[in-house]
Amino acid sequence: GALEIATEMQLGEQVKFSEQEIVDCHYSGCDQFDAPSVEDILQWLRVQQRLAADDQYPEFTGKEDGDGTTCRASHAPNALQLEIGDIYELDHRLLDVETALILFGSIFARINTDPKYCPGYWTTKKEIDEDENAKEDYVKLYQDNDK
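Along each chain, residues carry numbers from 1 onward, in the same order as the chain's sequence is written. Per-residue local features are limited, in this predicted model, to residues with pLDDT of at least 70; the limit for side-chain atom pairs, both in listing and counting, is 80 or more; totals at the level of whole chains, interfaces and linings are taken over all residues. Note that water and hydrogens are dropped before the side-chain values are worked out from all heavy atoms of the structure.

A. Structural detail: the packing of helix 2 (residues 19-26) against helix 3 (residues 38-48). Their axes nearest at 12 Å, the elements helix 2 and helix 3 cross at an angle of 90°. The angle between helix 2 and helix 3 places the two elements in the roughly perpendicular class. For the pair helix 2 and helix 3, contact is made by Glu21, Ile22, Cys25 and His26 and by Asp40, Ile41 and Trp44, respectively. Under the convention adopted here, Pro, Cys and the residues Ala, Val, Leu, Ile, Met, Phe, Trp and Tyr are nonpolar, Asp, Glu, Lys and Arg are charged, and Gly plus all remaining residues are polar. Class assignment of the residues belonging to the contact of helix 2 with helix 3 gives a composition of 4 nonpolar, 1 polar and 2 charged. Each axis is a line fitted through C-alpha atoms, and for a helix only the stretch in contact is used; angles between axes span 0 to 180 degrees, taken between their N-to-C directions. Labels follow the DSSP assignment, with helices taken as runs of H or I lasting at least four residues and strands as runs of E lasting at least two, numbered in each case from the N terminus. If an angle is under 35 degrees, it is roughly parallel; if it is over 145, roughly antiparallel; if it lies from 65 to 115, roughly perpendicular; otherwise it is oblique. Here, two residues are considered to be in contact whenever any of their heavy atoms come within 4.5 Å of each other.

B. Spatial organisation of the state of the cysteines. Here, the term disulfide refers to a pair of cysteine sulfur atoms separated by no more than 2.5 Å. Following the criterion strictly, the structure yields 1 disulfide and no others. At a sulfur-sulfur separation of 2.0 Å, the disulfide partner of Cys25 is Cys71. Between Cys25 and Cys71, the S-S dihedral sits near 85°, and the bridge is therefore right-handed. With Cys25 in helix 2 and Cys71 in the loop between helix 3 and helix 4 (97-104), this residue pair connects regions lying 46 residues apart in the sequence. Looking at Cys25, the relative accessible area reads 18%, which means it is buried. In this structure Cys71 comes out as partly exposed when scored by relative accessible area, which is 24%. Classification of residues uses two cut-offs on accessible area relative to the type maximum, computed with a 1.4 Å probe and protein chains only: under 20% is buried, over 50% is exposed, and between them is partly exposed.

C. How the structure looks around unusual backbone geometry. In this structure, Gln49 is a non-glycine residue whose phi angle is positive, near 55°. Along the polypeptide, Gln49 turns up in the loop between helix 3 and helix 4.

D. Layout of the side chain of Arg50. Position of Arg50 relative to the elements: it lies in the loop between helix 3 and helix 4. Polar contact criterion, stated in full: a pair of N or O atoms within 3.5 Å, where within protein one must be able to donate a hydrogen and the other to accept it, and residues adjacent in sequence count only if both atoms are side-chain atoms. A polar contact is formed between the side chain of Arg50 and the side chain of Glu21, at a distance of 2.9 Å. In contact with Arg50, other than residues within four places in its own chain, are Glu21, Leu45, Ala73, Ala76, Pro77, Asn78 and Leu80.

E. Inspection of the pattern of salt bridges at higher detail. Each salt bridge in this description consists of a side-chain nitrogen of Lys or Arg and a carboxyl oxygen of Asp or Glu lying within 4 Å of one another. Under the criterion given, the structure shown has 3 salt bridges. Ionic pairing is found between Arg72 and Asp24, a salt bridge with its closest N-O pair at 2.9 Å. A residue pair is termed long-range when its members are at least 10 positions apart, and Arg72 in the loop between helix 3 and helix 4 and Asp24 in helix 2 qualify at 48 residues. Of the two residues, Arg72 and Asp24, both sit in the buried class.

F. Quick look at the side chain of Asp24. You can call Asp24 buried: its relative accessible area is 4%. A distance of 2.8 Å separates the side chain of Asp24 from the side chain of Gln20, its partner in a polar contact. Within the structure, Asp24 has its side chain in polar contact with the side chain of Arg72 (distance 2.9 Å).

G. Spotlight on the nonpolar core. Among the nonpolar cores identified, the biggest contains 18 residues, and Leu3, Phe17, Leu45, Leu51 and Ile84 are the most heavily contacted of them. Elements represented by at least two residues in this core include exactly helix 2 and helix 3. The leading source of residues in this core is helix 3, at 4 residues. Sequence-distant contacts of Leu51, that is, excluding residues within four places in its chain, are made with Leu3, Phe17, Ser18, Glu21, Ile22, Leu45, Asn78, Ala79 and Leu80. Working definition of a nonpolar core: buried Ala, Val, Leu, Ile, Met, Phe, Trp, Tyr and Cys residues. They are joined through side-chain atoms within 4.5 Å.

Bear in mind that shape data such as this cannot, by itself, settle questions of function.
See the structure below:
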C-alpha cells in the first residue's frame, strides 16, 4: 500500500504493484523460510529500480520459469516511477503518522502484534462473530471514527 499511496500522491496515478514479483524475485519463490524485513524489500527495490504493475506481471504457472528461476520480471514492464529514498526508523510516540506522511510522502508501518500493544490481533473472525460481546468490544476498540 505505501508505494501505491506515494505514487498517487506524487504522480496522481493509481497503480497496484505486484506483490507476486516481490515473492518470486526477492524471496526466490516460497522456498525461503525467513521472510525478509520491510527494510530488506525496500533496499531490494532501490537496487532493482523496477516493480511491475499487478495486472502486468505474468501469472504463476509453475515453480520454475524456463531459465530455472521463479522470477518473471523480465516479462513485465516496469511500473515503478518513484525513487525510493532513505529509510528512517520513526518512533510513533514522537512523530505521528499524519506528520510523517507530510514530511516523507509515504511510510511503511510495522505492527507490534504483542497482545499488550494490539489486543485482539490474534482473535479470529470466527471467534468474534460467535461472541456478540467480543464483536462489540472489538468494534469499539478498532473502528476508525476519524471521518
